[in-house]
Amino acid sequence: MERINLDRQWNFQLSGTPQNPWPESRTVVVDLPHDFSIIQKRDPNTPSGANTGFFPGGIGKYEKTLFVPEDWKGKKVFLEFEGAYMNTTVRFNSQIVTHHPYGYTSFHCDLTPYLIYGKDNLIQVTVNNSALPNSRWYSGSGIYRHVWLLVGESVHISPWGVYVTTPEVSLKASTVSVKTTVENSEAEPADIAVRSIIIDADGRKVASDEVNLKIDPAGKIEAAQILTVSPAKLWSIENPYLYSLLSIVLRNGIVIDSVETRFGIRSISVDAQEGFKLNGVPIKLKGGCVHHDCGLLGAAAYDRAEERKIELLKASGYNAIRCAHNPPSPAFLDACDRLGMLVMDEAFDCWREEKTSNGYSDFFEEYWEKDLASMVLRDRNHPSVIMWSTGNEIPERDGRSDGYNYARKLADFVRSLDPTRPVTNALCNVFSNEPLVNAVSLGKYDLPEDFDNWGELTRKFAEPLDVVGYNYLLDRYESDGKKFPNRIICGTETFPKEIFDFWETVERLPYVIGDFVWTSLDYLGEAGIGRVRYKGETGHTAEYPWHHAYCGDIDICGFKRPQSYYRDCVWGVSKAPYIAVYKPENYGKPHVVSLWGWPDVESSWTWPGFEGKLTGIEVYCSDDEVELILNGKSLGRKPAGKANRYKAFFETPYVPGELVAIGFCDGREVSRTTLKTAGAPASIRLTPDRAMLKAKFGDLSYVTVEVLDKEGNVVHNADTNIFFTVCGVGTLLAVGSGNPITREMYIGNQRRVYYGKAMAVVRANGDPGEITLTASADGIPPASVIIKVG
């Protein structure tokens, strides 16, 4: 079917909350993807509170006219929504076409019965995120992914109707299985041919097959074909080679429909003896959990924003991502396919038992099959997807509310749609305050003191799983390998500050296939769960104006945080020492580092006002030894490397100047890092991640903004307010920083730097030409950068 993008020029109205009123009469024109939570002021009184980062919700109403030509008579016409949060109602010409509660799965609407030919037709979409709270993290609101119009003949390939697998994989010759579902909406049978052509990355045809079929009136049929690619190039993390499958439907020798599907030839397997294997090669999953938001953009899933996430994670040594706790955007998976990132595709955060009021548990029983099918059918051709997850920390894991039965039903349903990938579910500890419920689940009432509560309660829940996800259960890895000798374990959530212990165990135990830290990328919502608490502060989340989780290796701008540099050492990515300086204003104070947190350190030697105050310095170093030198004087040479958990600790009074860490192996210098005390702000540096964009609406450039002293050092103590202007063929889409506590918004034309840095995101409007971004601040000369588009 022809795919027509409908992202541009929607009329939008927002019905606000009592705390954030938005006049009903105010209609604005917006483009998709669109998140109407990120454009509102955060509110300390929002019912969602810290969980959603104090962002409001509301009801968004979108309208768009669509001209339907006369020659569409007899055709099938669908809308495809990649994602809208949440409770979406679609009307076409004032008729309700569908209602879709879940905010994270893609869905189709058949417009055919409602078409008015030769006239403008009206699409109306209401997205209702007013019943708060309904999420444990920032969800965003609105049509936050792409919308497509699908137009095809009465005989056509079903949406998501092509299924490609590679049952036999080798470099010499690989077998490709293709199943194509074709629909006939006519009242008469249809004789057709289905032709499948495999094309390599250079555009050459490498295999083809054709089969003739007859489809019943108002029926469907599946064409099953086996093709051989010889020789074959395999998809891998290092070489993510992609083929294209062209699926063509012919009637009386005339092409009436075609679909192109990108796929990779690769094999996956898991067992307790050799763990996870890709193309027969054992691989440990260096993983991170990733929420769906795009940082400064909120939930708006621009293709480039999704791709950039993967680039950042690959550069930091990750080879796997867990989509927490919902299916990602198609663009995200496309980027994983292109760049070579393995994916655990996850469906739900809850089933029948609620975690928040107004959440998906209200809809689970009626919609779980539809939503699970949406995930699997949409995503099963992606070579990057190696595992399906049916849920995260499901309360029913202890057997309550028919949990054991549902665990099997969901796993079996996934396998019915795709038997080629393992099925998992992420289990955490059992926190039940209802021992009777637990005892009933086990059929026992008198339990011995040494009874393994978790192991026995979750045994039946885990039985239908191919891989059992363990959230924060490091102490069970070894014992459960003995208790459940055929169990394959994956660390589906782990604490950042315990990466050394988690990873050492993953490497040592063959049945533990990998580790997914919470989290690889920081995210909006669950405000402050990764903070360091001072002055007796308590609570899992923090008070307003905190709004970042502050637990990511990489912050919401894409800047690496200290724990990411430490992980570089653990994973063998590090090339030089990292100097982590405890903030002098807090050093020595009583404090608690959150389980998801990291010590209160920054890689800076600019601390004015704290001269002479004692502070700690931790150097993360993979070399055997590290020496720390302050203003030419050695502070000592200490063991580092794996034997010392890649850390060496020093203490010294703060003295401005130059701090140097030198790494040694076998007594020889092999690496060096230098920090210098910065002077007063003197200039602004703008560095775009891409200086050339496509002339396509929605392409993005992320511009790093840094305040420098006269010698070019970043002024870490600066909180300079930067003003931005954009001219040319683009717009300023977002501004932000890594500051988790600011009251500033992510839209507008100004932002204060945080530790000397900020970020501006520029969006191309679709025309060729140039975009000029200018940044200015009081007392500093302005700076400009030109981004070419074309």
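Up top is the structure.
Residues numbered from 1 in each chain as written. Predicted model: local features only at pLDDT ≥ 70, side-chain atom pairs only at ≥ 80, totals over all residues. Heavy atoms only, no water.

**Points about the overall build of the protein**
Right, so step 1: The helix and strand tally for the protein stands at 10 helices and 47 strands.
Right, so step 2: Taking 790 residues into account, the globule formula puts the C-alpha radius of gyration at 28 Å, and the protein, at 28 Å, falls close to it.
Right, so step 3: If one aligns the C-alpha atoms of the protein with their principal axes, the spans along those axes are about 90 × 70 × 55 Å.
Right, so step 4: In the protein, which comprises 790 residues, the proportion classed as buried is 60%.
Right, so step 5: Long-range contacts, defined as pairs at least 24 residues apart, comprise 71% of the intrachain contacts of the protein with a sequence gap of at least 6.
Right, so step 6: Counting every atom, the protein has about 30100 Å² of accessible surface; 50% of that belongs to carbon and sulfur. (Helix = DSSP H or I, 4+ residues; strand = E, 2+ residues; numbered from the N terminus. Rg over C-alpha atoms; globule rule 2.2 N^0.38 Å. Buried < 20%, exposed > 50% of the residue type's maximum accessible area, 1.4 Å probe, protein only. Contact = heavy atoms within 4.5 Å. Areas by Shrake-Rupley, 256 points an atom, 1.4 Å probe, with all protein chains shown as cover.)

**Re the packing of helix 1 (residues 303–315) against helix 2 (residues 330–339)**
Right, so step 1: Look at helix 1 against helix 2: their axes get within 8 Å of each other, and the N-to-C directions meet at 40°. Overall, the two elements helix 1 and helix 2 adopt an arrangement that is oblique. Considering how the two elements wind past one another, helix 1 and helix 2 form a crossing that is right-handed. On helix 2, the residues touching Asp303, Glu306, Glu307, Lys309, Ile310, Glu311 and Lys314 of helix 1 are Ala331, Phe332, Ala335, Cys336, Arg338 and Leu339.
Right, so step 2: Looking at side-chain class alone, the contact of helix 1 with helix 2 contains six nonpolar, no polar and seven charged residues. (Axes fitted to C-alpha atoms, helices over the stretch in contact; angles between N-to-C directions. Parallel < 35°, antiparallel > 145°, perpendicular 65-115°, else oblique. Left-handed = near helix turned anticlockwise from the far one by under 90°. Nonpolar A, V, L, I, M, F, W, Y, C, P; charged D, E, K, R; others polar.)

**Quick look at the sheet that holds strand 18 (residues 268–271)**
Right, so step 1: Here we have three strands laid out as an open sheet, ordered 18-19-20, and antiparallel in their pairing. The two strands at the open ends of the sheet, each matched to only one other strand, are strand 18 and strand 20 (281–282).
Right, so step 2: Sheet topology places strand 19 (residues 275–278) next to strand 20; two bridges connect them, and they run antiparallel. Bridge assignment links Leu278 to a residue of strand 20, and that residue is Val281. (Pairing = 2+ DSSP bridges.)

**Remarks on the pairing of strand 42 (residues 721–728)**
Right, so step 1: Sheet topology note: the strand 42/strand 44 (residues 750–752) ladder contains three bridges and is antiparallel. Each bridged residue has a counterpart across the sheet, and for Ile722 the counterpart in strand 44 is Arg751.
Right, so step 2: Of the strand pairs in this sheet, strand 42 and strand 46 (residues 769–777) are connected by six bridges, and their pairing is antiparallel. Bridge pairing links Phe723 to Ser776 in strand 46.

**Comments concerning the side chain of Ser329**
Right, so step 1: Topologically, Ser329 is positioned in the loop between strand 22 (320–323) and helix 2.
Right, so step 2: The residues contacting Ser329, other than those within four sequence positions of it, are Arg145, Ala301, Glu306 and Arg378.

**Digging into the packing of aromatic side chains**
Right, so step 1: Counted under the stated rule, the structure contains 40 aromatic pairs.
Right, so step 2: Seen from their ring centres, Trp518 and Tyr523 are 5.8 Å apart, and the 80° between their planes marks the pair as edge-to-face. With respect to burial, Trp518 and Tyr523 carry one shared label: buried.
Right, so step 3: One aromatic cluster is present, built from ring pairs that chain together Tyr85, Tyr102, Tyr104, Phe348, Trp351, Tyr360, Phe364, Trp368, Tyr406, Phe413 and Phe461.
Right, so step 4: Directly above the ring of Tyr746 sits Arg751, whose terminal nitrogen or CZ lies 4.6 Å from the centroid. (Phe/Tyr/Trp six-rings, centres within 6.5 Å; stacked < 30°, edge-to-face > 60°. Lys NZ or Arg CZ within 6 Å of the ring centre and 35° of its normal.)

**Quick word on the pattern of salt bridges**
Right, so step 1: Applying the stated criterion to the full structure yields 47 salt bridges.
Right, so step 2: When the shortest N-O distance is used, the salt bridge between Arg3 and Glu80 registers 3.3 Å. With Arg3 in strand 1 (residues 2–5) and Glu80 in strand 5 (residues 76–81), this pair connects stretches of sequence that are 77 residues apart.
Right, so step 3: When its relative accessible area of 6% is taken as the criterion, Glu80 is described as buried.
Right, so step 4: Among the ionic pairs, Asp568 bridges to Lys560, the shortest N-O distance being 3.1 Å.
Right, so step 5: Judged by its relative accessible area of 7%, Asp568 is buried.
Right, so step 6: The exposure class of Lys560 is partly exposed, given its relative accessible area of 26%. (Salt bridge = Lys/Arg side-chain N within 4 Å of Asp/Glu carboxyl O.)

**With respect to helix 2**
Right, so step 1: Of all 10 residues that make up helix 2, seven are buried, and the element is covered over most of its length.
Right, so step 2: Within the span of helix 2, buried status applies to Pro330, Ala331, Phe332, Leu333, Ala335, Cys336 and Asp337.
Right, so step 3: For helix 2, the elements touching its buried residues are strand 21 (285–290), helix 1, strand 22, strand 23 (342–346), helix 3 (364–379) and strand 24 (385–392).
Right, so step 4: Downstream of helix 2 by a residue or two, Gly340 has a phi angle that is positive, lying close to 85°.

**Section: the nonpolar core**
Right, so step 1: Leu297 and Phe348 are the most contacted members of the largest nonpolar core, which has 126 residues in total.
Right, so step 2: Excluding anything up to four places from it in sequence, Phe348 contacts Tyr102, His325, Tyr360, Phe364, Trp368, Asp371, Leu372, Thr390, Gly391, Asn392, Ile394 and Leu410.
Right, so step 3: The next biggest cluster of nonpolar side chains, apart from the first, holds 28 residues, and it includes Leu14, Leu32, Leu149 and Val151. (Core = buried A, V, L, I, M, F, W, Y, C linked by side-chain atoms within 4.5 Å.)

**Observations concerning the packing of helix 9 (residues 499–508) against helix 10 (residues 562–570)**
In a packed pair of helices, the relevant descriptors are the angle between the two axes and the axis-to-axis distance.
Right, so step 1: Viewed as axis vectors pointing N to C, helix 9 and helix 10 meet at an angle of 30°, and their least axial separation amounts to 10 Å. Considering their axes alone, helix 9 and helix 10 lie roughly parallel with respect to each other. By crossing handedness, the relation of helix 9 to helix 10 is classed as right-handed. Facing helix 9, whose interface residues are Ile499, Phe500 and Trp503, helix 10 presents Tyr566, Arg567 and Val570.
Right, so step 2: Looking at the contact of helix 9 with helix 10, its residues break down into five nonpolar, no polar and one charged.

**Some words on the pairing of strand 4 (residues 58–68)**
Right, so step 1: Burial along strand 4 is one-sided: Gly58, Gly60, Tyr62, Lys64, Leu66 and Val68 are buried, while Ile59, Lys61, Glu63, Thr65 and Phe67, pointing the other way, are not.
Right, so step 2: Direction of pairing for strand 2 (residues 10–15) relative to strand 4: antiparallel, over a ladder of five bridges. Each bridged residue has a counterpart across the sheet, and for Gln13 the counterpart in strand 4 is Lys61.

**Some words on helix 3**
Right, so step 1: Regarding helix 3, the residues found buried are Phe364, Tyr367, Trp368, Asp371, Leu372, Ala373, Ser374, Met375, Val376, Arg378 and Asp379.
Right, so step 2: Buried positions along helix 3 lie against strand 7 (95–100), strand 11 (155–168), helix 2, strand 23, strand 24 and helix 4 (403–417).

**Some details on the side chain of Thr46**
Right, so step 1: By secondary structure assignment, the location of Thr46 is in the loop between strand 3 (28–30) and strand 4.
Right, so step 2: Residue classification places Thr46 among the buried residues on the basis of a relative accessible area of 7%.
Right, so step 3: Residues in contact with Thr46, not counting those within four places in the same chain, are Phe54, Phe55, Pro56 and Leu132.

**Details of the environment of Lys172**
Right, so step 1: With respect to the element layout, Lys172 can be found in the loop between strand 11 and strand 12 (174–184).
Right, so step 2: The exposure class of Lys172 is exposed, given its relative accessible area of 71%.
Right, so step 3: With 404 residues separating them in the primary sequence, Lys172 and Ala576 have C-alpha atoms 41 Å apart.
Right, so step 4: Not counting residues within four places of it along the chain, the set of residues in contact with Lys172 comprises Val229, Ser230, Pro231 and Ala232.

**Description of the state of the cysteines**
Right, so step 1: Applying the stated criterion across every chain yields a total of zero disulfides.
Right, so step 2: For Cys289, which is in no disulfide, the shortest distance to another cysteine sulfur is to Cys490 and amounts to 9.1 Å.
Right, so step 3: Look at Cys289 and you get buried, because its relative accessible area is 0%. (Disulfide = S-S within 2.5 Å.)

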